[in-house]
Amino acid sequence: MAPRLILGKEVSEEIYSELRERIASLKEKGVTPGLAVILVGDDPASQVYVRKKGEMCESLGMRSLTVRMPAETTQEELLAKVRQLNEDPTIHGFLVQLPLPSHLDERSVIESISPAKDVDCFHPENVGRMLIGEPSFLPATPAGVQQMLVRSGIETKGKHVVVVGRSNIVGKPMAALMIQKGVGANSTVTVVHSATENLPSITRQADILVVAMGRPRFVTADRGKEGAVVIDVGTNRIEDPTHPKGSRLVGDVDFDAVSQKVSAITPVPGGVGPMTICMLMANAVRAAEIATEGER
Ligand code: NDP
């Protein structure tokens, strides 16, 4: 039987309609949620992401600010801009688009962002709050994956979730979310990475397999369990002369083969992709609610 496709566009539309209602009630109180993005340099992929974030803000009726800084911006200049946004009452949340040019120190930039405005959830205070189960914000991509599971009615309680990858942006926070007590979590979690021995024997035990490696089509059919749910976070551009652009996007999962044996799967593109911006918007709305209503 064909597996069920979990589509980020559908799940995100549901969340956007809830966000529109929350934005409307903030506006009734005279508050328009404001999200800013600082973009340093002219990395083409970053430009696309930043443009999409701005467009989404505007389509939701939020205030959007893009601060463009040249590639040769100094650490001090960037920190001064961060301090300015920390103080700006019309901006409820902001982020510094990564990666930064190599002469800039990402860690100290992230740590200079006010935790109350850190909508990427990269500040150590917010990472810690998430880990102890008292989050202000949730990291966008892992929270997006969790929402896909919850809103698709996939039971996570007691299930074995195997996360492939341990990055600070996806793998580690994904594991941290799924071990929490509560809806959409309560799972038994294993994290595997490049030093893991006999990785296929572990991924084959997964009821829910979340893959975030950046290795095109690494997860083949023999690495997954019959009937599993597979969430493919990977986004890899591979050459394909048959494609009009000469290249196309593929995930970390060999979709054609793996989809033959699983119960549900996310495609690439169209799967997890749309969820990241959606959850960023959710964090920006939450930041505005916290600033307005004072709850934390
Ligand atoms: P990183 O490169 O930071 O991390 C990759 C992880 O995969 C590492 O932990 C690495 O292990 C592990 N890994 C790599 N190769 C192997 C291997 N052969 N066997 C076992 N583990 C391996 O990537 P990210 O987490 O930032 O991103 C992962 C993928 O997700 C990328 O394709 C990225 O483009 C995509 N992505 C998509 C998003 C979306 O919105 N859809 C958002 C963010 C990312 P080790 O730590 O040991 O090196």
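Residues numbered from 1 in each chain as written. Predicted model: local features only at pLDDT ≥ 70, side-chain atom pairs only at ≥ 80, totals over all residues. Heavy atoms only, no water.

Asks: In this structure, what is going on with the overall build of the protein chain? I would like to understand it.
Replies: Assigned secondary structure in the protein chain consists of 10 helices and 11 strands. Over its C-alpha atoms the protein chain spans a radius of gyration of 19 Å, differing by no more than 12% from the 19 Å that the globule rule assigns to 296 residues. On the principal axes, the C-alpha backbone points of the protein chain span a range of 50 × 40 × 35 Å. Taken over 296 residues, the protein chain has a buried fraction of 48%. (Helix = DSSP H or I, 4+ residues; strand = E, 2+ residues; numbered from the N terminus. Rg over C-alpha atoms; globule rule 2.2 N^0.38 Å. Buried < 20%, exposed > 50% of the residue type's maximum accessible area, 1.4 Å probe, protein only.)

Asks: It is not clear to me how the domain arrangement of the protein chain should be interpreted in this structure. Could you clarify?
Replies: Note: interface size is frequently given as the accessible area lost on complex formation between the parts. Domain annotation of the protein chain identifies domain 1 (31–115) and domain 2 (140–275). Here the C-alpha centre of domain 2 lies 29 Å away from the C-alpha centre of domain 1. (Domains from an automatic or database assignment.)

Asks: Even after reading the chapter, I still don't get the environment of Met 279, so can you show me in this structure?
Replies: Take Met 279: it is sitting in helix H10 (residues 273–293). It is 9.8 Å that separates the C-alpha atoms of Met 279 and Val 145, two residues lying 134 residues apart in sequence. Each residue touching Met 279, except ones within four places of it in the same chain, is listed here: Ile 15, Ala 140, Ala 143, Gly 144 and Gln 147. (Contact = heavy atoms within 4.5 Å.)

Asks: Whenever I open this one, the state of the cysteines confuses me. Can you help?
Replies: One covalent bond between the sulfur atoms of two cysteine residues makes up a disulfide. Throughout the structure, instances matching the rule amount to 0 disulfides. Cysteine Cys 121 is unpaired, with the sulfur of Cys 278 as its nearest cysteine sulfur at 16 Å. On the accessibility criterion, Cys 121 (4% relative accessible area) is buried. Cys 57 provides the cysteine sulfur closest to Cys 278, a residue in no disulfide bond, and the two sulfurs are 12 Å apart. (Disulfide = S-S within 2.5 Å.)

Asks: Honestly, the pattern of salt bridges in this entry has me stumped. Any pointers?
Replies: Side chains that differ in charge, positive against negative, can pair when their charged atoms come close. Within the structure shown, the criterion is met by 10 salt bridges. The salt bridge involving Asp 207 is made with Lys 225; its shortest N-O contact spans 2.7 Å. Within this pair, whereas Asp 207 is found in the loop between helix H8 (199–203) and strand E7 (208–211), its partner Lys 225 is found in the loop between E7 and strand E8 (229–232), the two being separated by 18 residues in sequence. Taking relative accessible area as the criterion, Asp 207 reaches 24% and is therefore assigned partly exposed. (Salt bridge = Lys/Arg side-chain N within 4 Å of Asp/Glu carboxyl O.)

Asks: What exactly am I supposed to notice about helix H7 (residues 171–178) here?
Replies: For an α-helix the count is 3.6 residues per turn, leaving residues at separations of three or four pointing the same way. Buried residues dominate H7, accounting for 7 of its 8 residues. Against the buried residues of H7 lie helix H5 (124–131), helix H6 (140–151), strand E5 (160–164), strand E6 (188–192) and E7.

Asks: Would you mind going over the side chain of Gln 180 with me for this structure?
Replies: Relative to the assigned elements, Gln 180 resides in the loop between H7 and E6. Of the residues examined, Gln 180 reaches a relative accessible area of 17% and is grouped as buried. Residue contacts for Gln 180: discarding those within four places in its chain leaves Met 130, Leu 131, Ile 132, Gly 133, Ala 185 and Asn 186.

Asks: Hey, could you run me through the sheet that holds strand E3 (residues 63–69) in this one?
Replies: Backbone hydrogen bonds hold the strands of a sheet together, and the pairing may be parallel or antiparallel. The sheet built from 3 strands is open, its strands ordered E3-E2-E4 with parallel pairing. Either end of the sheet is taken by a strand with one partner, and the two such strands are E3 and strand E4 (93–96). Looking at each pair of strands side by side, their axes are set apart by 15° on average, direction ignored. Inspection of the sheet shows strand E2 (residues 34–40) paired to E3 by 7 bridges, in the parallel sense. In the strand pairing of E3, Gly 34 is matched with Arg 63. (Pairing = 2+ DSSP bridges. Axes fitted to C-alpha atoms, helices over the stretch in contact; angles between N-to-C directions.)

Asks: Can you help me understand the site of the ligand in this one?
Replies: Every one of the 20 residues lining the ligand counts as a neighbour, but Arg 166, Ser 167, Ser 194, Thr 235 and Thr 276 are closest to it. Within the side chain of Arg 166, a nitrogen or oxygen atom sits 2.8 Å from an oxygen atom of the ligand. Taking Ser 167, its side chain carries an N or O atom lying 2.6 Å from an oxygen atom of the ligand. Summarising the interface, the protein chains cover 69% of the accessible area of the ligand, which totals 920 Å² for the free molecule. The residue inventory of the shell around the ligand, partitioned by class, reads 7 nonpolar, 11 polar and 2 charged. (Near = heavy atom within 4 Å. Polar contact = N/O pair within 3.5 Å; in protein donor to acceptor, adjacent residues only side chain to side chain. Areas by Shrake-Rupley, 256 points an atom, 1.4 Å probe, with all protein chains shown as cover. Nonpolar A, V, L, I, M, F, W, Y, C, P; charged D, E, K, R; others polar.)

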